[in-house]
Every structure is written in structure tokens, then in C-alpha cells.
Amino acid sequence: MNVTLAVKQYISKMIESSGPGMKVLLMDKETTSIVSVVYTQSEILQKEVYLFERIDSQNRDNMKHLKAICFLRPTKENVEHLIQELRRPKYSVYFIYFSNVISKSEIKVLAEADEQEVVAEVQEFYGDFIAVNPHLFSLNLQGVSRGRSWEPSVLPRVTQGLTSVLLALKKCPMIRYQLSSDMSKRLAESVKWTYQAMVHELLGLNNNRIDLSRVPGISKDLREVVLSAENDEFYANNLYLNFGEIGTNIKNLMEDFQKKKPKDQQKLESISDMKAFVDNYPQFKKMSGTVSKHVTVVGELSRLVSERQLMEVSEVEQELACQSDHSNAQQSLRRLLQNPRLSEIDAVRLVMLYALRYEKHSSSILPSLMEELNRKGVSERHRKMVQAMVEYGGKRVRGSDLIAPTDAVAITKQFFKGLKGVENVYTQHQPLLHDTLDQLIKGRLKDSQFPYLGPSSLRDRPQDIIVFIIGGATYEEALTVYNLNRTMPGVRIILGGTAIHNTKSFLEEVTLAVGSGGDRTQGRGRQQSRR
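None of the values given here were measured: they were computed from a predicted structure.

Caption draft 1: Seen up close, the overall build of the chain. For the chain, the helix and strand inventory stands at 20 helices and 12 strands. The 531 residues of the chain split such that 49% are buried. Here the analysis covers contacts within the chain between residues at least 6 apart in sequence; of these, 80% occur between residues at least 24 apart.

Caption draft 2: Looking closely at helix α14 (residues 326-337). When the terminal C-alpha atoms of α14 are compared, their 16 Å separation across 12 residues agrees well with the 16 Å that a helix rising 1.5 Å per residue should span. For α14, the secondary structure elements touched by its buried residues are α13 (310-322), α15 (344-357) and α16 (366-375).

Caption draft 3: Fine view of the pattern of salt bridges. In total, this model carries 15 salt bridges according to the counting rule given. In this structure, R176 and D447 form a salt bridge, with 2.9 Å as the shortest nitrogen-oxygen distance. You can see R176 sitting in the loop between α6 (155-169) and α7 (182-204) and its partner D447 sitting in the loop between α18 (432-441) and β10 (464-470), a full 271 residues away along the chain. Measuring nitrogen to oxygen at the nearest pair gives 3.6 Å for the salt bridge that ties K384 to E380. Of this pair, K384 and E380 are both found in helix α17 (residues 380-393), 4 residues apart, which corresponds to roughly one turn of the helix. With a relative accessible area of 36%, K384 lands in the partly exposed category. The class for E380 is partly exposed, based on a relative accessible area of 49%.

Caption draft 4: Quick peek at the sheet that holds strand β2 (residues 49-54). Strand order across the open sheet formed by 5 strands is β2-β1-β3-β4-β5, with parallel pairing between neighbours. The two strands at the open ends of the sheet, each matched to only one other strand, are β2 and β5 (119-124). Between one strand axis and the next, the sheet turns through 15° on average, direction left out of account. Relative to β2, strand β1 (residues 23-27) runs parallel, the two being bridged by 5 bridges. Bridging from a neighbouring strand, K23 pairs with V49 of β2.

Caption draft 5: Geometry of helix α1 (residues 3-17). Under the 1.5 Å per step criterion, the end-to-end length of α1 is 21 Å for 15 residues, consistent within 8% with the ideal 21 Å. The element α1 is largely enclosed, with a buried count of 12 among its 15 residues. Every buried residue of α1 is listed here: V3, T4, L5, A6, V7, K8, Q9, Y10, I11, S12, M14 and I15. The backbone nitrogen of T4 lies 3.1 Å from a side-chain oxygen of the residue at the head of α1, namely N2. Positive phi shows up at G19, right after α1, with a value of about 80°.

Caption draft 6: The arrangement of the side chain of N339 in detail. The topology assignment puts N339 in the loop between α14 and α15. A distance of 2.9 Å separates the side chain of N339 from the backbone nitrogen of R341, its partner in a polar contact. Excluding anything up to four places from it in sequence, N339 contacts Q309 and K376.

Caption draft 7: Highlighting a nonpolar patch on the surface. Among the surface-exposed residues, M22, L45 and Y50 lie close enough to one another that they form a single nonpolar patch of about 270 Å² accessible area. Structurally, M22 can be placed in the loop between α1 and β1.

Caption draft 8: Structural detail: the side chain of S18. As for its position among the elements, S18 is in the loop between α1 and β1. Not counting the four nearest positions on each side in its chain, S18 is found in contact with K23, K67, I69 and F95.

Caption draft 9: Seen up close, the pairing of strand β4 (residues 93-98). Among the 6 residues in β4, 6 count as buried, and that is most of the element. Going residue by residue along β4, you find V93, F95 and Y97 tucked away on one face and Y94, I96 and F98 tucked away on the opposite face as well. Two strands pair when backbone bridges link them, and strand β3 (residues 67-72) and β4 are joined in this way by 6 bridges, in the parallel orientation. Note that in β4 the partner of K67 across the bridge is V93. Remark: the β3/helix α4 (residues 76-87)/β4 crossover connection has right-handed handedness. For the crossover that starts at β4, traverses helix α5 (residues 104-113) and ends in the parallel β5, the hand is right-handed.

Caption draft 10: Representation of the pairing of β3 in the model. Summarising burial for β3: 6 of the 6 residues are buried, a large majority. Relative to β3, β1 runs parallel, the two sharing 5 bridges. Bridge pairing in β3 places M27 opposite F71.

Caption draft 11: Seen up close, the packing of α15 against α16. Two elements in contact, α15 and α16, have axes whose closest approach is 11 Å; the angle formed by their N-to-C orientations is 175°. As judged from the angle between their axes, α15 and α16 are roughly antiparallel. Within the contact between the two elements, α15 uses A347, V348, V351, Y354 and A355 and α16 uses L366, L369, M370 and L373. In terms of residue class, the contact of α15 with α16 is made up of 9 nonpolar, no polar and no charged.

Caption draft 12: Layout of the packing of α17 against helix α20 (residues 503-514). Interhelical geometry of α17 versus α20 gives an angle of 75° and a closest axis separation of 9 Å. Regarding the angle of α17 to α20, the classification is roughly perpendicular. Residue-level inspection shows M385, A388, M389, E391 and Y392 of α17 in contact with α20, the latter providing F506, L507, E509, V510, T511, A513 and V514. In terms of residue class, the contact of α17 with α20 is built from 9 nonpolar, 1 polar and 2 charged.

Caption draft 13: Just the packing of aromatic side chains, in detail. Going through the model one piece at a time under the given rule, you end up with 7 aromatic pairs. On the basis of an interplanar angle of 25° and a centroid distance of 5.1 Å, the ring pair of Y97 and F125 is categorised as stacked. One end of the pair, Y97, is in strand β4; the other, F125, is in the loop between β5 and β6 (130-133), with 28 residues separating them in the sequence. According to the relative accessible area criterion, Y97 is buried, its value standing at 0%.

What counts and how
By convention here, each chain's residues receive numbers from 1 onward along its written sequence. Only residues with pLDDT of at least 70 get local features here, since the model is predicted, and only at 80 or more are side-chain atom pairs given and counted; chain-wide, interface and lining totals rely on the full set of residues. Only hydrogens and water are set aside when side-chain values are computed; all heavy atoms of the structure are taken into account. Think of it this way: any DSSP run of H or I at least four residues long counts as a helix, any run of E at least two long counts as a strand, and we number them from the N terminus. Note on classification: 1.4 Å probe, protein chains only; a residue is buried when its accessible area is under 20% of the maximum for its type, exposed when over 50%, partly exposed between these limits. Whether two residues touch is decided by their heavy atoms; if any such pair falls within 4.5 Å, the residues are in contact. One less than the number of residues in a helix, times 1.5 Å, gives the span that helix is expected to have. In the sections that follow, a salt bridge refers to a side-chain nitrogen of Lys or Arg positioned within 4 Å of a carboxyl oxygen of Asp or Glu. Any two strands are treated as partners once DSSP identifies two or more bridges connecting them. Fitted lines through C-alpha atoms serve as axes, helices being fitted only where they are in contact, and the angles separating the N-to-C directions of these axes extend from 0 to 180 degrees. In the analysis that follows, any N or O atom pair within 3.5 Å is treated as a polar contact, provided that within protein one partner can donate a hydrogen and the other can accept it, and provided that, for residues neighboring in sequence, both atoms belong to side chains. Patches were defined on residues exceeding 30% relative accessible area and lacking a salt bridge, with like-charge contacts within 9 Å and nonpolar side-chain contacts (Val, Leu, Ile, Met, Phe, Trp, Tyr) within 5 Å. Each accessible area value is a Shrake-Rupley result obtained with a 1.4 Å probe; residue values ignore everything except the protein chains displayed when judging cover. By convention, orient the strands away from the viewer: a clockwise path from the first strand over the helix to the second makes the crossover right-handed. Angle categories are assigned with fixed cut-offs, so that under 35 degrees is roughly parallel, over 145 is roughly antiparallel, 65 to 115 is roughly perpendicular, and the rest are oblique. Charged means Asp, Glu, Lys or Arg here, nonpolar means Ala, Val, Leu, Ile, Met, Phe, Trp, Tyr, Cys or Pro, and polar covers whatever is left, Gly included. Classification of ring pairs rests on two measures: the distance between centres of Phe, Tyr or Trp rings, Trp counted by its six-membered ring, which must be within 6.5 Å, and the angle between planes, read as stacked under 30 degrees, edge-to-face over 60 and tilted in between.

This is a description of form; function is not addressed.
Following this line, the structure appears as C-alpha cells:
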């Protein structure tokens, strides 16, 4: 199961089906993102696609020498844009591909608009999601819920996106959902019904517009495997390594290059040394532009780690998440909150983590910490987010314990010191998803917590697993999936979510879910639907 490959093969098939000749790729805002994540512009240029345009652009010129490949979401707006396009075609011929199911009535309207008979093909290619990594996808949605209910306009889009993943991978899954989440159950019911309905329709249309043998991963003729990481070898080799190890690998790579220039040997003891080296050697920039980009990125990361005291912040975060010593936790937290270099968002995040970890503790100091945030000058908006987080993901709305206490004596703090000034953050924490998947793979995931949709259940241990998290996934959870795929022979896991979060985007999601005014609308934690 490889979502990146699935989307790439769809796009390749679109381009190949149009035959030889110069082409324009006509997209909308969402499909532009879908394509750009898996293909570089230079790769597509090699396939005779010389122009990239938006369907909603009003300033496109007539270019009758170009063939148009249209890759669009099947929305009413896009259908209307296509109708106007076909009435006054700017290109010689049109190959139209929708990223999901389009109704027969809309196909009829398009056919009526094609008075000049410029449409050569109309098909449905199920690439209706952002393939971030081979095992990670996102729908790039924000604000999916209000309290514990779906935002009405969002559920259909999530259903379409998740169904598209299943169709692209040709999976008809047994669905398990989190019992404590009404949103998970409703999505599970929507996906199951929609998937079966579409498969039935596709089987009935095998000899017409859609041929399932052309689904990526099924046809033996689709053998091109070019992952986006192959355009950036360093990124591919370091995607799942920690900060310190990446710094070490950049250093080693440049030292190898230096060996070719013994007269100009320099010491590379720090990230500053490496940045100076790159600036002073245009030849290195030319030969390894991608690496020079990563030197810049790591340099900026190093600056922020120092400026925001993130090593100290991370240590306290790990202590809160992985240990159960309330006395030490509150002392460490109070000490860090008094640090004038601690940023507002980091201070709020620490207090949020404390509030979740020690929500019901008899000696909770949360009121005192809130006063400390106020004295520190943290804005009222950010202070209110602490209570919003408890409403969103506190014990009252969680189906299971979010943080498993760990014996402090059994924990080893891991450091990686590959460079001066670079030290990896502590890696004690494992996300809840790890334990959930481990139980699922071993056949021990309780039906009382994750029931099956419908009367059927899986007798054997699952081999192909798709996890979808309502509310958004994280790259830490993606790393968990990567490691499980690497260490569990015979098991293939893909992770998806309504978005992929960092702290800022997750707090925005929480605020939208429970109400920015700090009201007491019942929240809900991030939910996991498993297929």
C-alpha cells in the first residue's frame, strides 16, 4: 500500500492517455496541491506538459496547439468552469479527469456544452487526497467539528477523500471505529455505504468509461515507481532521523566533498561552519543544491532551538508525558515558566500538557499555573485555550487513557551529539497510536472500545491497516507507522487524517471545535477510525 505511488500513477496515466504532443495541465486549487506534492515541475515537463493553469483563471490565452489535461475535483464550481471552457475552448482537445465520482447528470451537462466536440475522454481517477508520504495522507481540512458533531459541510468531503484512498488502493475494508466517538461512527457508516455503492457502479461500467484494471497497483503495465523523495536523496535518507543525526549526516556529506579539495580543508565543527562552507563554494552549491537547502533548514532549526530554549522545553514535556512524579513535574514546570526566553506558545503548550496529564490530581496546581501565565503576559486568547484543550481532549471525552505512566527508573534519556550545539530532544514518548496498533496487530484490540461496523468481524490478524484520525494526525504518529511497517513483517499500515498538525494548527482546530469564546460546549478528543 503506497498512496504516493497511487497518485503518481494516476497522473502518469492521465498524461500518457493524451498521447504525444505539447500539453497544458488544467487544475483547481485542491488538485494543484495534490499534484505538486508527488511530482516536481521538472518531472512533468519531461512528459511534454509545458504549461500549468488554474481552471478558474480568467486570463488564459487561446493556445490551439496544446492539448488540455484537466484534473479537477467534481465540484459544482468546477463543472460550471468546465461548461464555460467547453463553450469557448482555448485548446485543441480536452482530456477530463475527475478526482472522485461525478454524477451522470453533470456528465450530461458537460456533453451538451461540448458543441465543438473537443472532449476526447472523461474519466474518474481517485486521487482526492494529499499523499504526503508513501504511508501518510491528509485532506488538509481545518475546523471539522463543532463540539462532538461534524461540521455539516465537512463530512461529505471527508467521506469522499477517505473513499478515494480505498478506491485508489482497491481495498474493501472491515471497519472498526472508536466507540466513544459519534463522529467516528458516522464517518464509518458513510464510508462503508459509499464505497459499496461506488464499487457496484464501477463494476457495472467496466466496458464504458471506467476500467478497474487501470487502478494503480493492479495493472502490471503500470510499473513506474518514482517516489517524490527520489528527487531529494538526502531527504529520502534522513526523513525519519532525529535532529542531531541529520546534522551529523550533513557534516559527513560535506567532509566527503572536502576530501576532493585538500588545499581548502576546513573544520566543520558547527552548523555555522557548514553554512560558511556552502557560501564559499559555488561548486558545492551547484553539485549539491539540495544539501545546501537542508544546511540552511538545519541552521534555522538550530537557531530556533537555542532562541526558544526548546531543549529545556522538550525535557519538561517528556517528563510530563512519560513520568508520573507530580512533585518533580510541577517544580520543573514552574522553573521553566519563569524563564523570560520562554515563548508564549511554548508556555501555553506546557500548561496544556500539565492540565491533561494531571487533570484529576488531588494536588493539581493548574489555577496557580494559569496565574503564572497571566503574570508572564500571555494573552487571554491563549490562556483560554488551556480550558478549551481540557474540554476537547480531557478524560471526560476520551475513550482511553491518553498518557500511560512510565516508571521513571526504567526511562533512559537519549542524546545524540553529532555537532557542537546540536543535541537531540528526548525521545521517551510514544503516541497512543502505537499501543492501539500494537493491540490491533496482535488481535487484542477490544471490541468494547473499537467495535466493528455491522455484524461481521475479522477472524485473522489484519495485514493491511488504514488508520484515519478525525481532527488531524501528526508527523510523530507518521513515524510510529513507519517504524511498525519496518519492524512488523507482513503488516502494511497507512495513516491519514483530516489534516496534519503542528502546535499552531492543532490549537486552531481545538478553538474551532469548542468555540473561541471559551464556552462550555462539550468537546471531543482526536478520534481514530481503523479499517
